[in-house]
Amino acid sequence: MTVIGFLSTAPATDESMAEAVAGAVEAIDETGLEYDVGPMGTTIEADSIGELLDAVEAAHESIDADRVSTFVKIDDKRTSSGSASDKVAAVEKHLERDANAS
């Protein structure tokens, strides 16, 4: 089983959020889970929903602000163990096939 989560967490502020987001990424890193930081959020891979939610909680709680906004999207693959990179590779394979057809 593989659980893939997409997490976006940040303080609700008009100021730069980069420092707080970096702290959230450090909190994810401390969990030992695989993750990939993107411009709009972080993809996290775990073996169980509990591990994923622990990482989400760590990231959310790492932000020291009066108000914190967190968005989580979860893909709980209960009968297979494909990784996030496998999902990306499958899309890229189709893109290559479409490019070769033109």
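Because the structure is predicted, anything quoted here is derived from the model rather than measured.

Asker: Is there a simple way to explain the nonpolar core in this structure?
Answerer: The nonpolar side chains of a soluble globular protein tend to be buried with one another. Among the nonpolar cores identified, the biggest contains 12 residues, and these are Val 3, Leu 7, Ala 24, Ile 28, Leu 33, Ile 44, Ala 46, Leu 52, Ala 55, Val 56, Ala 59 and Ile 63. Elements with a minimum of two residues in this core: strand 1 (2-11), helix 1 (18-31), strand 3 (42-46) and helix 2 (49-62). A per-element tally of this core places helix 2 first, with four residues.

Asker: Would you explain the packing of aromatic side chains in this entry?
Answerer: When we look at a pair of aromatic rings, we describe it by the centre distance and by the angle of the planes. Within this structure, the stated rule accounts for one aromatic pair. When the ring of Phe 6 is compared with that of Phe 71, the centres are 6.5 Å apart and the planes differ by 70°; the resulting orientation is edge-to-face. Linking Phe 6 in strand 1 with Phe 71 in strand 4 (residues 68-77), this pair joins segments that are 65 residues apart in sequence. Residue classification places Phe 6 among the partly exposed positions, given a relative accessible area of 29%.

Asker: Help me understand the side chain of Ser 83, please; the structure alone is not making it clear to me.
Answerer: Looking at where Ser 83 falls in the secondary structure, it is placed in the loop between strand 4 and helix 3 (84-101). Among the residues examined, Ser 83 registers a relative accessible area of 16% and is labelled buried. In this structure Ser 83 touches Ile 4 and Glu 45, once residues within four positions along its chain are discounted.

Asker: Which parts of the structure should I look at to understand a nonpolar patch on the surface?
Answerer: Where nonpolar side chains cluster on the molecular surface, the patch consists of Ile 49, Leu 53, Val 72 and Ile 74 and spans about 280 Å² of accessible area. Relative to the elements of secondary structure, Leu 53 occurs in helix 2.

Asker: Would you take a moment to explain the sheet that holds strand 1 for this structure?
Answerer: Note on sheets: strands pair through backbone hydrogen bonds, and any given pair is parallel or antiparallel. Here four strands make up an open sheet; going across it, the order is 2-3-1-4 and the pairing antiparallel. Two strands close off the open sheet at either side, each with one partner strand: strand 2 (34-37) and strand 4. Strand after strand, the sheet turns through a mean of 20° between neighbouring axes, direction not considered. Here five bridges tie strand 1 to strand 3, and the two strands are oriented antiparallel to one another. What sits directly across from Ile 4, in strand 3, is Glu 45. Helix-sheet contacts for helix 1 involve strand 1, strand 2 and strand 3, and the interaxial angle to strand 1 is about 150°. Running over the sheet, helix 3 touches strand 1, strand 3 and strand 4 and is turned about 120° from strand 3.

Asker: I tried to follow the pattern of salt bridges on my own but got confused; where do I start?
Answerer: Where charged atoms from two side chains of opposite charge approach closely, those side chains can pair. Inspection of the entire model under this criterion finds two salt bridges. In this structure, the salt-bridge partner of Asp 75 is Lys 87, at a minimum N-O distance of 2.5 Å. One end of the pair, Asp 75, is in strand 4; the other, Lys 87, is in helix 3, with 12 residues separating them in the sequence. Lys 87 gets classed as partly exposed once you look at its relative accessible area, which sits at 38%. With a closest N to O distance of 3.0 Å, Arg 78 and Asp 76 form a salt bridge. By relative accessible area, Arg 78 is classed as exposed at 67%.

Each value, and the rule that gives it
- Residues numbered from 1 in each chain as written.
- Predicted model: local features only at pLDDT ≥ 70, side-chain atom pairs only at ≥ 80, totals over all residues.
- Heavy atoms only, no water.
- Core = buried A, V, L, I, M, F, W, Y, C linked by side-chain atoms within 4.5 Å.
- Buried < 20%, exposed > 50% of the residue type's maximum accessible area, 1.4 Å probe, protein only.
- Helix = DSSP H or I, 4+ residues; strand = E, 2+ residues; numbered from the N terminus.
- Phe/Tyr/Trp six-rings, centres within 6.5 Å; stacked < 30°, edge-to-face > 60°.
- Contact = heavy atoms within 4.5 Å.
- Patch = residues over 30% accessible without salt bridge, like charges linked within 9 Å, V, L, I, M, F, W, Y side chains within 5 Å.
- Areas by Shrake-Rupley, 256 points an atom, 1.4 Å probe, with all protein chains shown as cover.
- Salt bridge = Lys/Arg side-chain N within 4 Å of Asp/Glu carboxyl O.
- Pairing = 2+ DSSP bridges.
- Axes fitted to C-alpha atoms, helices over the stretch in contact; angles between N-to-C directions.

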